[in-house]
Amino acid sequence: MPSPAGASGNTIGALPTGVATGLIRTVTGGSADRAFEADVPETATSAADTSSHSHDALRSWDVVRSTFRPGEALTFDERYRYAQLPLIDADHPLALDASPDGVYRGGRYAEARLAVVVPVPIERLFVDPIFLSYEADLASAPFAPKLARGIELRRAHRLHATLSSIDADSGFLDGLRTSVGAFTPFRVRLAGPVIGGFNRGRCYLPAIADAFAPIQRAVGGRPAPLVGVGLHHFRDELDAAETAALAAFLERWRDVTLFEWTVTELAITSTNDDLVLSGRTLARIPLHAAD
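Residues numbered from 1 in each chain as written. Predicted model: local features only at pLDDT ≥ 70, side-chain atom pairs only at ≥ 80, totals over all residues. Heavy atoms only, no water.

1. Focus: the overall build of the chain
Point 1. Along its length, the chain carries eight helices and eight strands.
Point 2. Counting only residues that meet the buried cut, the chain has 55% of its 291 residues in that class.
Point 3. Of the contacts made within the chain by residues no fewer than 6 positions apart, 80% connect residues no fewer than 24 positions apart.
Point 4. Put simply, the chain shows about 12000 Å² of open surface, and 54% of that area lies on carbon and sulfur atoms. (Helix = DSSP H or I, 4+ residues; strand = E, 2+ residues; numbered from the N terminus. Buried < 20%, exposed > 50% of the residue type's maximum accessible area, 1.4 Å probe, protein only. Contact = heavy atoms within 4.5 Å. Areas by Shrake-Rupley, 256 points an atom, 1.4 Å probe, with all protein chains shown as cover.)

The following block contains the structure:
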């Protein structure tokens, strides 16, 4: 049974990768849309938990949350067809060989993209009772046969929430170790699933923490109101009946806290695809414990 958002007792595990739907791209593989902030806090420390602003943070996802009208069917958008679907099934009739600008080819891009990410502790996620209840409900749903479960298994050990894309230059890791390492451990919670109008075919779990925006500013990124973990991907579009079942599933788990954990380190990753199948961890940066 789903539990209310913010309910106590769910202290283990987490879920999917990702980003903001249509508004922010810093979570999905980085982009040129990223701006640099000059207002980096003088003291970049935070041990805040997610309780004080989590409701407002979750409501910000409503801006991009898809709602499905009766009779409507879930169809893939163009970005999903060139950035995600070719990695799931290169021979799929809806898969696009390349993006309009030629940057993506076969779901990959030539120049690696670097990011500061929050790793998800999958060894705790996949034993968490609330997450397991969520997974059981998902597995029994009428649309479940159209999920790309194989890709989830391939990338499970790489699950993370991306905080900011970054630029690599001489000494950049030393700088990040200084700026990120100044933060204290903090709590993150994952809320119920969202499908938006961007990468339509991918399901995100909103990740919420008060520390996200200060960290994004500290590493030279633009604070992104939407940070998520993207785990679920569809390999086929849905018909109207399957979409109605999906809409009911999304609503059923909408305000549920699926997982909470304390982040004690961040990671710097490099990837040549948005599903991070080619991902490498360049560094792990421990967060200093509070004095």
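2. A word on the nonpolar core
Point 1. Membership of the largest hydrophobic core comes to 65 residues, with the highest contact counts inside it found for Phe143, Phe186, Phe212, Phe234, Leu246 and Leu266.
Point 2. Setting aside chain neighbours within four positions, we find Leu246 in contact with Phe68, Leu74, Phe143, Ile195, Phe234 and Leu238. (Core = buried A, V, L, I, M, F, W, Y, C linked by side-chain atoms within 4.5 Å.)

3. Some points on the environment of Asp167
Point 1. Within the secondary structure, Asp167 is located in the loop between β2 (160–166) and α6 (172–181).
Point 2. Accessibility expressed as a relative area gives 48% for Asp167, which makes it partly exposed.
Point 3. Sequence-wise, Asp167 and Val219 are 52 residues apart; in three dimensions their C-alpha atoms are separated by 9.8 Å.

4. Some remarks on helix α8 (residues 240–252)
Point 1. The first and last C-alpha atoms of α8 sit 18 Å apart over 13 residues, in line with the 18 Å expected at 1.5 Å per residue.
Point 2. Between a side-chain oxygen at the N-terminus of α8 and the backbone nitrogen of Ala241 the separation is 3.2 Å; the capping residue is Asp239. (Expected span 1.5 Å × (residues − 1). Polar contact = N/O pair within 3.5 Å; in protein donor to acceptor, adjacent residues only side chain to side chain.)

5. Some points on the sheet that holds strand β3 (residues 186–191)
Neighbouring strands of a sheet are bound in pairs by backbone hydrogen bonds; such pairs are parallel or else antiparallel.
Point 1. Strands sit in the order β5-β4-β3-β6 across an open sheet of four strands; the sheet is antiparallel. With one partner strand each, in any of the chains shown, β5 (228–233) and β6 (257–263) form the two edges of the open sheet. With direction set aside, neighbouring strand axes in the sheet form an average angle of 25°.
Point 2. Pairing between β3 and strand β4 (residues 202–208): two bridges, direction antiparallel. By the bridge assignment, Leu190 is partnered in β4 with Ala207. (Pairing = 2+ DSSP bridges. Axes fitted to C-alpha atoms, helices over the stretch in contact; angles between N-to-C directions.)

6. Details of the confidence of the model for the chain
Point 1. In the predicted model, the chain carries a mean pLDDT of 80, and the fraction of residues at 70 or more is 78%.
Point 2. Within the model, the stretch residues 1–52 combines pLDDT values under 50 with 178 contacts to residues more than four positions away or in other chains. (pLDDT = per-residue confidence, 0-100.)

7. Observations concerning the pattern of salt bridges
Point 1. The tally for this structure, following the rule as stated, stands at 12 salt bridges.
Point 2. Two residues, Arg235 and Asp236, come together in a salt bridge whose shortest N-O distance is 2.5 Å.
Point 3. With a relative accessible area of 22%, Asp236 lands in the partly exposed category.
Point 4. Residues participating in the shared-partner salt-bridge network are Asp62, Arg65, Glu251 and Arg254. (Salt bridge = Lys/Arg side-chain N within 4 Å of Asp/Glu carboxyl O.)

8. Some details on the sheet that holds β2
Point 1. Taken in spatial order, the four strands line up as β2-β1-β7-β8 in an open sheet, and their pairing is antiparallel. Both edges of this open sheet fall to β2 and β8 (280–286), since each of them pairs with a single strand only. The average angle at which neighbouring strand axes cross in this sheet is 30°, direction not considered.
Point 2. Where strand β1 (residues 108–119) and strand β7 (residues 265–273) come together, six bridges link them in antiparallel fashion. When the bridges of β7 are listed, Arg113 appears paired with Thr271.

9. So, the side chain of Asn272
Point 1. Assignment of secondary structure puts Asn272 in strand β7.
Point 2. Those residues within four positions of Asn272 in sequence are excluded, and the remaining contacts are Gly107, Arg108, Tyr109, Ala110, Glu111, Ala112, Ser278 and Arg280.

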